[in-house]
Amino acid sequence: MPLAKYRTKRDFKVTSEPKGVKRTKAAEDSLIFVVQKHQASHLHYDFRLEWGGVLLSWAIPKGPSLDPSIKRLAMAVEDHPIEYAKFEGIIPEGQYGGGTVMVWDQGTWVPETDIESGLRDGELKFSLHGKKLRGSWVLVRTKRSAGKTERASWLLIKHRDRYASTSDIVSVRPRSVISKRLMAGIATAAGGNIAKAADSDPRK
Ligand code: MN
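Treat the numbers as computed from the prediction; the structure is a model and nothing was measured.

### Focus on the coordination of the manganese ion
So, point 1. Coordination of the manganese ion by the protein is provided by His38 (ND1), His44 (NE2) and Asp46 (OD), with metal-donor distances spanning 2.1 to 2.3 Å.
So, point 2. In this structure His38 comes out as buried when scored by relative accessible area, which is 7%.
So, point 3. For His44, a relative accessible area of 14% gives the class buried.

### Concerning the packing of aromatic side chains
So, point 1. Here the structure, examined in full by the defined rule, presents 10 aromatic pairs.
So, point 2. Between Tyr6 and Phe12 the ring centres are 6.1 Å apart and the planes differ by 35°, which places this aromatic pair in the tilted class.
So, point 3. By relative accessible area, Tyr6 is classed as buried at 0%.
So, point 4. Grouping aromatic residues by their ring pairs yields a cluster made of Phe33, Phe47, Trp51, Trp58, Trp109, Phe126 and Trp154.

### Considerations on the pairing of strand β2 (residues 43-51)
So, point 1. Counting buried positions along β2 gives eight out of nine residues, so the element sits mostly inside the fold.
So, point 2. One ladder, built from seven bridges, connects strand β1 (residues 31-39) with β2; its direction is antiparallel. Of the residues in β2, the one forming a bridge with Gln36 is Asp46.
So, point 3. Judged from the seven bridges that link them, β2 and strand β3 (residues 54-60) form a sheet pairing that is antiparallel. The partner of Asp46 across the bridge, within β3, is Ala59.
So, point 4. Between β2 and β3, which pair antiparallel and follow one another directly, the connecting turn spans two residues, one of which, Gly52, has a positive phi of 60°.

### Here we look at the pairing of β1
So, point 1. Counting buried positions along β1 yields eight of nine residues, so the element is predominantly enclosed.
So, point 2. In this sheet, strand β6 (residues 99-111) lies alongside β1 in antiparallel orientation, the contact comprising nine bridges. Considered in β6, the bridge of Phe33 is made with Gly107.

### Looking at helix α4 (residues 183-190)
So, point 1. Listing the buried residues of α4 in full gives Met183, Ala184, Ile186 and Ala187. The buried side chains of α4 occupy one side of the element, clustering within an arc of 160° when seen end-on.
So, point 2. Among the residues trailing α4, Gly191 stands out with phi positive, at a value near 75°.

### Details of the pattern of salt bridges
So, point 1. Considering all chains together, one arrives at six salt bridges under this definition.
So, point 2. Salt-bridge contacts for Arg10 lead to Glu17; the nearest nitrogen and oxygen are separated by 3.2 Å.
So, point 3. Judged by its relative accessible area of 10%, Arg10 falls in the buried class.
So, point 4. You can call Glu17 buried: its relative accessible area is 4%.
So, point 5. The network of salt bridges with shared partners includes Arg10, Glu17 and Glu78.

### Considerations on the environment of Ile60
So, point 1. Structurally, the position occupied by Ile60 is in strand β3.
So, point 2. Put simply, Ile60 and Leu73 are 13 residues apart on the chain and 5.8 Å apart in space, counted from C-alpha to C-alpha.
So, point 3. Among residues more than four places away in sequence, those in contact with Ile60 are His44, Tyr45, Phe47, Arg72, Leu73, Ala74 and Leu156.

Here is what the cut-offs are and how they apply
Residues numbered from 1 in each chain as written. Predicted model: local features only at pLDDT ≥ 70, side-chain atom pairs only at ≥ 80, totals over all residues. Heavy atoms only, no water. Donors = N, O, S within 2.8 Å, 3.2 Å for Na, K, Ca; no water. Buried < 20%, exposed > 50% of the residue type's maximum accessible area, 1.4 Å probe, protein only. Phe/Tyr/Trp six-rings, centres within 6.5 Å; stacked < 30°, edge-to-face > 60°. Helix = DSSP H or I, 4+ residues; strand = E, 2+ residues; numbered from the N terminus. Pairing = 2+ DSSP bridges. Arc of directions from axis to C-beta. Salt bridge = Lys/Arg side-chain N within 4 Å of Asp/Glu carboxyl O. Contact = heavy atoms within 4.5 Å.

Rendered as structure tokens:
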């Protein structure tokens, strides 16, 4: 049951996050990825890659960087259902991950190496075709957490290509790719904590 852990953490009578009842299969040339900006107790960016009918997921405290010299810590978290990629709104306070969620980027991804052995060996190379994130990337598991698949520490690093840049993408492009809203706008529309959500928007 790949989504059992996802489900046990959530009360679906209270949160509007998807239950993930259907296991969706897609062709390998149209695997989706999503990056969700999530202001929970701490701000982070959830980086999710569709694989094996679920979204493999990592929480990146500082968000992705387009600068190949910058390595961003990415903590492996539980697999999420495919439908989660469309989730933008609020998770009620007091629930697991309570706070505002934005679809910060989305698109498709293409494995550049064998993903099953990459997951085992702790090195995934892939390219992203998103609105903000493009080109070639790598996720590398750190030595200390070798062997463990969940709660393991990985590093997300941009490869040098024409999409590499020193521009700080998370501050330069702060809006939702599906609604153009900022975090405060999402919280306002969904009846969430507006001040807390606004904390992670760029200062005026
Ligand atoms: Mn999260």
